[in-house]
Amino acid sequence: MSGKPCIVWFKRDLRVHDHAPLLAAAETGRPVIPLYLVEPELWKQPDSSRRHWHFIHDCLTDLNSALTDMGQPLFVRVGNAVDVIADLHREFGARDVFSHEETGNAWTYTRDLAVAQLCADLGIGVHEFPSNGVVRRLHSRDDWSLIRNARMAEAIKPKPVALQPVVNCPLQPPPGKEDPMFGDPVEGRVQKGGRKSAVSDLRSFLTHRSERYLFHISAPMASEVHCSRLSAHLALGTLSVREVAQAIDNRRKQLSPTEQQRFGRNLSAFGARLAWRCHFIQKLEDQPSIETTCMHRAFEGIREKDHNDAYFHAWSTGQTGYPFIDACMRNLVSEGWITFRMRAMLVSFASYQLWLDWRRTGPHLARVFTDYEPGIHFSQLQMQSGVTGINAMRVYNPIKQSQDQDPHGEFIRKWVPELGDVPNAHIHTPWTWTQTLLDDTRFELGRDYPIRIVDHEIAARDAKKRISCVRKSERFRADADAVLKKLGSRKRPRKKSKPTMDGDLKQLSLF
């Protein structure tokens, strides 16, 4: 092979361990250009935010350190991918591009097509490697699980011992976290990114935090500790799914009989959710149109014309008049993470009680989720909005969720402090509180905290009727069967039971 450099294009795989493209490039014996592109047009997309960049910036710091130890620091370039790769070809004679396959949004898909055309025109070789458990050009969903599980069992790729450096190549740091390119300031804090934090979070979860994983998986406060908090690390690839899957298996093998009772079921459940993560991303890989189109076409047009900007603003800013809904949204906006059940509830409330279209609410959530993963995001939005055609309607009752998950109102009072004087008996439903002369408070509903914008029970009944009406249409069942065949899970039904649908209880947006 010639001595011309090869490019390793880092995207959502910001690590040097278990990185097949990097290892393959290193094994050519040629100089390696490890490239990270900061693409201004990407950061103008409605699902991008400065919160994402803060996390990525941390990841790039660790990535650059690891690459420098191998002999070649990270190349960071700001610009259009086509232009940058063409420039590297012209300046250094770069002849090959190594990368992981990316299942991103429509913008990244279009960009990848443009890069592929450039490489074809310039005679640059393109070498793409599978990413985690996602299978490109999958012929049948029936085959997916076996392929995914086989990949998880493969040996983890070692990091290269050394990289052949590129001579006389100027390096530049990534733009700062506060660079105006990345949009509005972050409201609140951002989880620490980077390989070091990822490994630390994984170890602490497997060794002690997972002991109460299932018990605390739904509660918004306890879940911050007892969930793995690996979702952002997986979304940006500081850990591979295979690394995590094998770490779970290794941890389970180490458990003593006593530890097995404490950790075994929790680790098994987490491993199952890791598989469902790949399952949801596979949906977008198989059908990219789910970013913008309902999986079941019969649901197109049912919400769009009824969009209410006032409802959207109240929902997105935590001002709906429902304390638990508002506390969850404010928590999410501030912290960039909230547990899966609360995410599902926020989408359900917006989609059913407020009748907002998932394509309007989705970009807001994408921007505030530190762990935004397009494949999971669009699938879950549709699932919780009832437009897949293969999942049961799941309309969350915000009062019941509030009473179940925050019985004493501690979470509500933390994030909705204006309700601090409301008694426990009314903290979930402040509109039911009638103050007396004995109540030493100046609180006034409608002045200090909004009057609820809808009656959730009436709104939910109306939404269910609308969805049910669509589901009774003539071709609904036939089209739903087609969706299930292409995108549904392949769970083996138990004897004497009907085949299951697409796992409507598996909300795996996040651990």
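Our subject is the structure that appears above.
Cut-offs and rules
- Residues numbered from 1 in each chain as written.
- Predicted model: local features only at pLDDT ≥ 70, side-chain atom pairs only at ≥ 80, totals over all residues.
- Heavy atoms only, no water.
- Pairing = 2+ DSSP bridges.
- Helix = DSSP H or I, 4+ residues; strand = E, 2+ residues; numbered from the N terminus.
- Axes fitted to C-alpha atoms, helices over the stretch in contact; angles between N-to-C directions.
- Contact = heavy atoms within 4.5 Å.
- Buried < 20%, exposed > 50% of the residue type's maximum accessible area, 1.4 Å probe, protein only.
- Right-handed = clockwise from strand over helix to strand, strands pointing away.
- Salt bridge = Lys/Arg side-chain N within 4 Å of Asp/Glu carboxyl O.

### Quick word on the sheet that holds strand 5 (residues 125–129)
Think of a sheet as strands paired side by side through backbone hydrogen bonds, with each pair either parallel or antiparallel.
Alright, step 1. A sheet is described by the order of its strands in space; here five strands give the open sequence 3-2-1-4-5, paired in parallel fashion. Looking at strand neighbours, the two that pair on one side only are strand 3 (75–78) and strand 5, the edges of this open sheet. The mean inter-strand angle of the sheet, taken between neighbouring strand axes irrespective of direction, is 30°.
Alright, step 2. Summarising the sheet, strand 1 (residues 6–10) and strand 4 (residues 96–100) pair through three bridges and their orientation is parallel. Residue pairing across strands places Val8 opposite Phe98, the latter belonging to strand 4.
Alright, step 3. With respect to the sheet, helix 2 (residues 50–70) is in contact with strand 1 and strand 2 (32–38), its orientation differing from that of strand 2 by roughly 170°.
Alright, step 4. With respect to the sheet, helix 3 (residues 81–92) is in contact with strand 1, strand 2, strand 3 and strand 4, its orientation differing from that of strand 2 by roughly 155°.

### Observations concerning helix 15 (residues 358–368)
Alright, step 1. Taken residue by residue, helix 15 has Trp358, Thr361, Gly362, His364, Leu365, Ala366 and Val368 as its buried positions.
Alright, step 2. Looking at the buried side of helix 15, the elements it contacts are helix 2, helix 12 (309–317), helix 13 (323–335), helix 14 (340–353) and helix 16 (374–385).

### Looking at the pairing of strand 3
Alright, step 1. Of the pairings in the sheet, the one linking strand 2 to strand 3 comprises four bridges and is parallel in character. What sits directly across from Tyr36, in strand 3, is Val76.
Alright, step 2. In the classification by handedness, the crossover that spans strand 2, the intervening helix 2 and the parallel strand 3 is right-handed.

### So, the pattern of salt bridges
Alright, step 1. One pass over the full model with this rule turns up 33 salt bridges.
Alright, step 2. With its nearest N and O atoms 2.8 Å apart, the salt bridge here joins Arg90 to Asp87. Of the two residues, Arg90 and Asp87 both sit in helix 3, three residues apart, roughly one turn of that helix.
Alright, step 3. With a relative accessible area of 28%, Asp87 lands in the partly exposed category.
Alright, step 4. In this structure, the salt-bridge partner of Glu243 is Arg195, at a minimum N-O distance of 2.8 Å. Taken together, the residues span a long stretch of sequence, with Glu243 in helix 10 (residues 241–254) and Arg195 in helix 6 (residues 195–207) at a distance of 48 residues. One exposure class covers both Glu243 and Arg195, and it is buried.
Alright, step 5. Within this structure, Lys11, Glu39, Glu102, Arg111 and Asp112 form a network of salt bridges that share partners.

### Side note on the pairing of strand 2
Alright, step 1. Summarising burial for strand 2: seven of the seven residues are buried, a large majority.
Alright, step 2. By the alternation rule, side chains of strand 2 split into Val32, Pro34, Tyr36 and Val38 and Ile33, Leu35 and Leu37, which are all buried.
Alright, step 3. For strand 1 and strand 2, the ladder comprises five bridges, and the chain directions are parallel. If you follow Val8 over to strand 2, its bridge partner there is Pro34.
Alright, step 4. In this view, the connection linking strand 1 to its parallel neighbour strand 2 by way of helix 1 (residues 20–26) has right-handed handedness.

Nothing here speaks to function; it is geometry throughout.
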